[in-house]
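Residues per chain are reported as follows:
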There are 2 protein chains.
Amino acid sequence: MELAVDLREASLANLPLCPVAPAARIIGQKWTLQIVYYLLDGKSVRFCELQDELGGVNPSTLSSRLKMLEEEGIVRRRQISAIPPHVEYSLTEMGCHLKPVILEVIRWSNVWLGDRCE
Amino acid sequence: MELAVDLREASLANLPLCPVAPAARIIGQKWTLQIVYYLLDGKSVRFCELQDELGGVNPSTLSSRLKMLEEEGIVRRRQISAIPPHVEYSLTEMGCHLKPVILEVIRWSNVWLGDRCE
DNA sequence: ACCGTTCGCTATATTTATTGTAGTATACAG
DNA sequence: CTGTATACTACAATAAATATAGCGAACGGT
């Protein structure tokens, strides 16, 4: 009985403390890596361009993923008052600093998954 | 009518060719990054140890994720005939080469998400 | 004033993934 | 034959992603 209490306290005290967990919550979600990749190097991309380039993403999913990335501070959303009016997504500084991650992923992929795409 | 056919062929011909897509299929799944992290540096870890360290993963999910990682050639599974008998998971060479990716993720996380864990 | 076009989504229903909880299977030791 | 330890699997329930369709705003043309 007392043992049970001790165990509960212990499990609260020494949390896993996994250093990748917070980042995994973000980049471990479907489409996140691809979205960031397409926005690298200061590009500004529209919603429908992302849809086309990601090839098969659902607009609902893309919308909620972009919203999440905006809330996390990784993506910036700008309304462009042109004809026709549209929206442009680009990376914040925080998002740009994901480039080394992406580059390592691509490097690993080229070595171990080949140059195949899709 | 003929236009429709042309468009279909075109969409098959120039696939998105996103260099991160194949890797994203693997590391963009929940728990993958954390699993690889806990196996880094040649460690051999048991199923239940992973369960504990990942904190809250469902055994079904963990099982299927490990199976996927084994099929992809990233994780090795070994049955140990000891008392009691158990199973040890470790990284293959392909898996070990994910270390630079993980390190970049941690670096980015420390800068932009703080040192918080969980 | 109305119609059509483009763009950026949202809505709804369906499928897939993950979870909570419990239980099974195997190998022993006593 | 019971109990313990490990590694899962089973099943029902919730959450996430998908396919498909459609809405709403801002024009431009007629």
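Our structure's up above, just so we're on the same page.
Sequence order as written defines the numbering, with residues in each chain counted from 1. Whichever chain is written first becomes A and whichever ligand is written first becomes 1, with later ones labelled in order. Given that the model is predicted, a residue must reach a pLDDT of at least 70 before its local features are reported, and side-chain atom pairs must reach 80 or more before they are shown or counted; all residues, however, enter totals for whole chains, interfaces and linings.

## Regarding the sheet that holds strand 2 (residues 75-80) of chain A
Residue and element names in this part refer to chain A.
Then comes step 1: We call two strands paired when DSSP finds no fewer than two bridges between them. In DSSP terms, a helix is any run of H or I states spanning at least four residues, a strand is any run of E spanning at least two, and both are numbered starting from the N terminus. Spatially, the 3 strands line up as an open sheet ordered 1-3-2, and their pairing is antiparallel. Two strands close off the open sheet at either side, each with one partner strand: strand 1 (45-46) and strand 2.
Then comes step 2: Looking at chain direction, strand 2 and strand 3 (residues 86-91) are connected through 6 bridges and run antiparallel. When the bridges of strand 3 are listed, Gln-79 appears paired with Val-87.

## Let's talk about the protein's contact with DNA strand C
Then comes step 1: If you check the shell around DNA strand C, you find 20 residues, and the closest are Arg-46, Cys-48, Pro-59 and His-86 of chain A together with Thr-61 of chain B.
Then comes step 2: Where the surface near DNA strand C is concerned, the elements lending two or more residues are helix 4 (47-54), helix 5 (59-71) and strand 3 of chain A together with helix 5 (59-71) of chain B. Each residue gets a C-beta atom placed from its backbone. Should that atom fall within 6 Å of a molecule or strand, the residue is termed near it.

## So, the interface of chain A and chain B
Then comes step 1: Across the contact, 37 residues belong to chain A and 37 residues belong to chain B.
Then comes step 2: Mapped by element, the contributors of at least two residues to the side of chain A that touches chain B are helix 2 (21-27), helix 3 (32-39), helix 4 and helix 7 (99-112) of chain A.
Then comes step 3: Of the residues in the side of chain A that touches chain B, the class split is 25 nonpolar, 7 polar and 5 charged. The contact rule is simple: place each C-beta atom from the backbone, and if two of them lie within 7 Å, those residues are in contact. Any residue outside Ala, Val, Leu, Ile, Met, Phe, Trp, Tyr, Cys, Pro, Asp, Glu, Lys and Arg is labelled polar, Gly included; the first ten of those are nonpolar and the last four are charged.

## A look at the protein's contact with DNA strand D
Then comes step 1: Around DNA strand D lies a shell of 20 residues, among which Thr-61 of chain A together with Arg-46, Pro-59, His-86 and Val-87 of chain B are the nearest.
Then comes step 2: Elements represented by at least two residues in the surface near DNA strand D include exactly helix 5 of chain A together with helix 4 (47-54), helix 5 and strand 3 (86-91) of chain B.
Then comes step 3: In terms of residue class, the surface near DNA strand D is made up of 10 nonpolar, 8 polar and 2 charged.

## Section: the relation of the copies chain A and chain B
Then comes step 1: When the copies are superposed, the least-squares fit draws on C-alpha atoms of residues that have pLDDT of at least 70 in both. Expressed as a screw transformation, the operator carrying chain A onto chain B has a rotation angle of 180 degrees and an axial translation of 0.0 Å, and the superposed copies differ by an RMSD of 0.0 Å. Here the transformation between the copies is reduced to the relation of a two-fold axis. Looking at the rotation axis and the C-alpha trace of chain A, the residue lying nearest is Gly-28 of chain A, at 2.2 Å.
Then comes step 2: When the interface residues of chain A are mapped onto chain B, 100% of them again fall at the interface, so both copies present the same face.

## A short note on the packing of helix 7 of chain A against helix 7 (residues 99-112) of chain B
Then comes step 1: Helix axes use the C-alpha atoms of the stretch in contact, all axes being lines fitted to C-alpha atoms, and the angles between their N-to-C directions lie in the range 0 to 180 degrees. Here helix 7 of chain A crosses helix 7 of chain B at 170 degrees, and the two axes come no closer than 9 Å. Considering the angle they form, helix 7 of chain A stands roughly antiparallel to helix 7 of chain B. Each of Pro-100, Val-101, Glu-104, Val-105 and Trp-108 of chain A in helix 7 of chain A lies in contact with helix 7 of chain B, whose residues at this interface are Pro-100, Val-101, Glu-104, Val-105 and Trp-108 of chain B.
Then comes step 2: Along the lines of polarity and charge, the residues of the contact of helix 7 of chain A with helix 7 of chain B split into 8 nonpolar, no polar and 2 charged. For classification purposes, an angle smaller than 35 degrees is called roughly parallel, one larger than 145 roughly antiparallel, one from 65 to 115 roughly perpendicular, and anything else oblique.

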